[in-house]
Amino acid sequence: MQAVIGNWKQNPATSTDVTALLDALLDNIACDDALNPEHSNCQIMVAPSCIHLYQAADKLKNSPILCAAQDISAHSSTTGAFTGDCSATQIKDSGASFCILGHSERRQYHQESNAMLLNKMQHAMNKDLGVILCIGEKEDEHKDGQTLNILDDQLSVVQDFIQNNPEMTEALTKKLIIAYEPVWAIGTGKVPTVDEVTQIHAHIKQTLSGVDNRLADLSVLYGGSVNADNASEFAKSEMIDGALVGGASLKADSFLAIVRAFSRS
Ligand code: PEP
């Protein structure tokens, strides 16, 4: 399945702005069948910040757009003394159906490790929350030719999850999306070539099917400075199943242009 997911990060500033952005997305989709996931085979999802999750999920209820959280607590899947955290249960209760895990900004600013990500993945899956697992190399790792080693290490979380929870492998095939996001491409305007991304996605798909062949068909999205102008190039590659979009997801026009690019492919 193709998917285009908007990671709103710590945006927008107010709940009024959230309503305006969602209204613009819903109005456009209502007038254009080509954007409707039922016709286009391209799932649209947005990940607002936690404070706006209930509001956004409520507005998107019964719409073709899914809602995702940007993170969940590693410590508990339910309730507890974890100031500042939101658990998988709370996220699910908000109406979100997915969570982004392992975004490079979480890895960088919150020291998110593979061990933490494994806990988070277990909490998410136990509460029937889908996972968008972000992986990607930093610029120096890219220059040192370490990309595939870094990705293999980050993907080991999936292998560990299956080793610990073999009975959940089938569920994972429907609930896991991988987003390859080279850190040096996020928010910089620099992008790898489509050929480079194609080869890396082929490696990711091969690695996952080596873990369990039921994972062979997982969607692998590309993220990092995708915009309305370059999306159709990425969409030409059969190995690129969609995009995780930061900056360009904050305006309905640019986000929907990216959705359109992947809907056509
Ligand atoms: C992201 O942060 O997930 C991202 C892809 O950001 P941008 O599109 O702004 O590079």
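The structure this text deals with has already been given above.
What you see is a predicted model; the values in this text were computed from it and never measured. (Residues numbered from 1 in each chain as written. Predicted model: local features only at pLDDT ≥ 70, side-chain atom pairs only at ≥ 80, totals over all residues. Heavy atoms only, no water.)

Trainee: Please give an account of the nonpolar core that cites residues and values.
Mentor: Counting 70 residues, the largest nonpolar core has Met 121, Ile 178, Ile 204 and Phe 262 as its most contacted members. If near-sequence neighbours (up to four positions away) are discounted, Met 121 is found in contact with Leu 101, Val 131, Leu 133, Val 157, Val 158, Phe 161 and Leu 176. Ile 5, Ala 47, Cys 134 and Leu 221 belong to the second largest nonpolar core, which has 13 residues in total. (Core = buried A, V, L, I, M, F, W, Y, C linked by side-chain atoms within 4.5 Å. Buried < 20%, exposed > 50% of the residue type's maximum accessible area, 1.4 Å probe, protein only. Contact = heavy atoms within 4.5 Å.)

Trainee: Quick one: what's the story with the state of the cysteines, residue by residue and with numbers?
Mentor: Summed over the entire model, instances satisfying the criterion amount to zero disulfides. With no disulfide of its own, Cys 42 lies 17 Å from the sulfur of Cys 67, the closest cysteine sulfur. Counting only cysteine sulfurs, Cys 86 is the nearest neighbor of Cys 50, a cysteine outside any disulfide, at a range of 3.2 Å. (Disulfide = S-S within 2.5 Å.)

Trainee: Describe the packing of aromatic side chains, naming the residues involved and giving the relevant values.
Mentor: According to the stated counting rule, one finds two aromatic pairs in the structure shown. Each ring, one from Tyr 180 and one from Tyr 222, has its centre 6.3 Å from the other, and the planes form 55°; the classification is tilted. With Tyr 180 in strand 6 (residues 176-180) and Tyr 222 in strand 7 (residues 220-223), the pair connects residues that are 42 residues apart, well separated along the chain. By relative accessible area, which is 1% here, Tyr 180 ends up buried. Note on Tyr 222 and Phe 234: the rings are 4.7 Å apart at their centroids and 20° apart in plane angle, and the pair reads as stacked. Of this pair, Tyr 222 sits in strand 7 while Phe 234 sits in helix 11 (residues 231-235), placing them 12 residues apart in sequence. Assigned by exposure class, Tyr 222 and Phe 234 land together as buried. Among the aromatic residues, ring-to-ring pairing joins Tyr 180, Tyr 222 and Phe 234 into one connected group. (Phe/Tyr/Trp six-rings, centres within 6.5 Å; stacked < 30°, edge-to-face > 60°. Helix = DSSP H or I, 4+ residues; strand = E, 2+ residues; numbered from the N terminus.)

Trainee: Can you lay out helix 6 (residues 114-126) for me, pointing to particular residues and giving the numbers?
Mentor: Counted at 1.5 Å a residue, the expected span for helix 6 with its 13 residues is 18 Å, and the 18 Å between its end C-alpha atoms agrees. Among all positions of helix 6, only Leu 117, Leu 118, Lys 120, Met 121, Gln 122, His 123, Ala 124 and Met 125 are buried. Once helix 6 ends, the next one or two residues include Asp 128, with phi positive near 60°. (Expected span 1.5 Å × (residues − 1).)

Trainee: Tell me about the layout of surface pockets, and name the residues and values.
Mentor: Taken as a whole, the largest pocket spans an internal volume of roughly 610 Å³. Along the wall of the largest pocket there are 26 residues; nearest its centre are Cys 50, Gln 70, Asp 71, Arg 106 and His 110. Contributions of two or more residues to the lining of the largest pocket are made by helix 5 (104-109) and helix 6. Here the element with the most residues in the lining of the largest pocket is helix 5; it accounts for three residues. Partitioned by chemical class, the residues of the lining of the largest pocket number 11 nonpolar, nine polar and six charged. Roughly 200 Å³ of internal volume is contained in the second largest pocket. Residue lining of the second largest pocket: Ser 104, Arg 107, Gln 108, Glu 112, Gly 136, Lys 138, Glu 141, Ile 150, Gln 154 and Val 183, and that is the complete set. Per-element tally for the lining of the second largest pocket: the top contributor is helix 5, with three residues. Looking at the lining of the second largest pocket residue by residue, the classes come out as two nonpolar, four polar and four charged. (1 Å grid on protein atoms, 1.4 Å probe; cavity = no way out; pocket = protein on both sides within 12 Å on 5 of 7 lines; lining within 4 Å. Points joined across faces, edges and corners; volume = space filled by probe spheres on them. Nonpolar A, V, L, I, M, F, W, Y, C, P; charged D, E, K, R; others polar.)

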